[in-house]
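# A look at the structure
Read off the chains here:
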Amino acid sequence: LHQLIDFSVSTEGSLLLRDFLINHTLNEDEILRRQSIVKEILTMNRFREKFLLTLSLIPKKRLDSQKLIQWMKKHNGMEKSKGILLVMSLLAVINWCLILLYAAGILSGVWIISSFIYFAVYNLGNKYYKDISHDSEIIKEELGKFSRVLEFIENYNFSKKENLKKLCEPVQSKTTSPYLLLKKISFIVSILTFKANVFIWGFAAFLFPIDFYLAYLLQKYRNKIAENFESWLNVWYNLEAYVSIAN
């Protein structure tokens, strides 16, 4: 029966459906809640069709979320990234103050020394940003595998289906929008394409510590994703199971 009705593309969704079919130790409230969700989905032919169509556009190989979750939890250095960014920003401000004082004829060429110190510290701190291009590409590529379904769930209107609306709350929350977070990471990736031009990137780095700033933003968004990713996927897996039953 499981193989006949299973429309899941994720391993976890398929396992959850199997659990729904064989686990008969639930309390009455949970049974009624599941029945209510299935009844709501049964009345939503358009939603079922679109959801299954969206699933069909995902590569046939089952998705494995654990790799991405473990990677994001492993790379967690928010406080350190914030601290080094503050230090580099302070050095940049001091350097520009000395340049302006020199331009005004108040100080001699002290800015040359401060600029040397700034870039020396900048290069010494490269371990905090050297992998930013690689890391941002990984997040964009791996999260992109899940984005199509998550965006569909996020944008669907469940206003008159209270049980489904409650189930999908983690994905539809405006403060933890999967679409917006992926869009922000894509923006970082697009900015990093300018790194290929040494002159443009060097000038930007002279103006302010752009590498450290982007590394901080990436860490911030990665932490936000890591905090919510499992709850997003739990919504997805549940919908796979419920739609399989209702279909």
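Scroll up to find the structure.
Report on the accompanying structure. (Residues numbered from 1 in each chain as written. Predicted model: local features only at pLDDT ≥ 70, side-chain atom pairs only at ≥ 80, totals over all residues. Heavy atoms only, no water.)

Right, let's get into the overall build of the chain. Within the chain, the secondary structure is distributed over 13 helices and 0 strands. Counting from the amino terminus, helix and strand elements in the chain follow one another as α-α-α-α-α-α-α-α-α-α-α-α-α. Long-range pairs, those at least 24 residues apart, make up 81% of the contacts in the chain with a sequence separation of at least 6. As displayed, the chain offers around 14300 Å² of accessible surface, 60% of which is attributable to carbon and sulfur atoms. (Helix = DSSP H or I, 4+ residues; strand = E, 2+ residues; numbered from the N terminus. Contact = heavy atoms within 4.5 Å. Areas by Shrake-Rupley, 256 points an atom, 1.4 Å probe, with all protein chains shown as cover.)

Our next topic: the nonpolar core. Judged by nonpolar contacts, the single largest core of 61 residues is most densely connected at Phe-47, Phe-51, Ile-153, Trp-236 and Leu-239. In terms of residues, this core owes the most to one element, helix H13 (residues 210-246), which gives 19 residues. In contact with Leu-239, not counting residues within four places along its chain, are Phe-47, Phe-51, Ile-153, Leu-164, Leu-167 and Cys-168. (Core = buried A, V, L, I, M, F, W, Y, C linked by side-chain atoms within 4.5 Å. Buried < 20%, exposed > 50% of the residue type's maximum accessible area, 1.4 Å probe, protein only.)

Here helix H2 (residues 11-22) contains 12 residues, and its C-alpha end-to-end distance of 17 Å stays within 8% of the 16 Å for a straight helix at 1.5 Å per residue. Every buried residue belonging to H2 is among Gly-13, Ser-14, Leu-16, Leu-17 and Phe-20, and all of these are buried. Angularly, the buried residues of H2 cover 160° about the axis, an arc narrow enough to put them on a single face. (Expected span 1.5 Å × (residues − 1). Arc of directions from axis to C-beta.)

Once that is clear, we can look at a positive patch on the surface. The grouping of Lys-82, Lys-184, Lys-220 and Lys-224 at the surface amounts to a positive patch. Among the structural elements, Lys-184 can be located in helix H11 (residues 178-192). Judged by its relative accessible area of 39%, Lys-184 is partly exposed. (Patch = residues over 30% accessible without salt bridge, like charges linked within 9 Å, V, L, I, M, F, W, Y side chains within 5 Å. Salt bridge = Lys/Arg side-chain N within 4 Å of Asp/Glu carboxyl O. Lys, Arg positive; Asp, Glu negative; His and termini not counted. Charge placed at Lys NZ, Arg CZ, Asp CG, Glu CD.)

With that out of the way, let us pick up the pattern of salt bridges. Evaluation of the coordinates by the stated rule reveals 3 salt bridges. The closest approach of N and O atoms between Asp-211 and Lys-195, which form a salt bridge, is 2.9 Å. A residue pair is termed long-range when its members are at least 10 positions apart, and Asp-211 in helix H13 and Lys-195 in the loop between H11 and helix H12 (198-207) qualify at 16 residues. Residue Asp-211 is classed as buried on the basis of its relative accessible area, which comes to 3%. Here the salt bridges do not stand alone but share partners, grouping Glu-30, Arg-33 and Arg-34 into one network.

The next thing to look at is the side chain of Ser-114. Tracing the backbone through its elements, the reader meets Ser-114 in helix H7 (residues 110-124). For Ser-114, a relative accessible area of 12% corresponds to the buried category. For Ser-114, the contacting residues outside a window of four places in its chain are Asn-95 and Leu-98.

At a closest axis distance of 9 Å, the pairing of helix H3 (residues 28-42) and H13 adopts a crossing angle of 65°. On the basis of their axis angle, the class for H3 and H13 is roughly perpendicular. In the crossing of H3 with H13, the sense of the turn from one axis to the other is right-handed. Mapping the contact onto sequence places Arg-33, Arg-34, Ile-37, Val-38, Ile-41 and Leu-42 in H3 and Tyr-242, Val-243, Ile-245 and Ala-246 in H13. Per-class residue counts for the contact of H3 with H13 are 8 nonpolar, no polar and 2 charged. (Axes fitted to C-alpha atoms, helices over the stretch in contact; angles between N-to-C directions. Parallel < 35°, antiparallel > 145°, perpendicular 65-115°, else oblique. Left-handed = near helix turned anticlockwise from the far one by under 90°. Nonpolar A, V, L, I, M, F, W, Y, C, P; charged D, E, K, R; others polar.)

Among the surface-exposed residues, Leu-101, Ile-106, Leu-107 and Val-110 lie close enough to one another that they form a single nonpolar patch of about 300 Å² accessible area. Residue placement: Val-110 occurs in helix H7.

Our focus in this paragraph is the packing of H11 against H13. Following both chains from N to C, one finds H11 and H13 inclined at 155°, their axes separated by 10 Å at the closest point. The angle between H11 and H13 places the two elements in the roughly antiparallel class. The two elements H11 and H13 cross, and the hand of that crossing is left-handed. Contacts between H11 and H13 involve Pro-178, Leu-181, Lys-184, Ile-185, Ile-188, Ile-191 and Leu-192 from the first element and Ile-210, Leu-214, Leu-217, Leu-218, Tyr-221, Lys-224, Ile-225 and Trp-232 from the second. Here the residues of the contact of H11 with H13 sort into 13 nonpolar, no polar and 2 charged.

It is worth spelling out the packing of aromatic side chains at this point. For any two aromatic rings, the description comes down to two numbers: the centre-to-centre distance and the angle of the planes. The tally for this structure, following the rule as stated, stands at 17 aromatic pairs. Taken together, a centroid distance of 5.1 Å and an interplanar angle of 45° make the contact between Phe-20 and Tyr-242 tilted. With Phe-20 in helix H2 and Tyr-242 in helix H13, this pair connects stretches of sequence that are 222 residues apart. We classify Tyr-242 as buried; its relative accessible area is 0%. (Phe/Tyr/Trp six-rings, centres within 6.5 Å; stacked < 30°, edge-to-face > 60°.)

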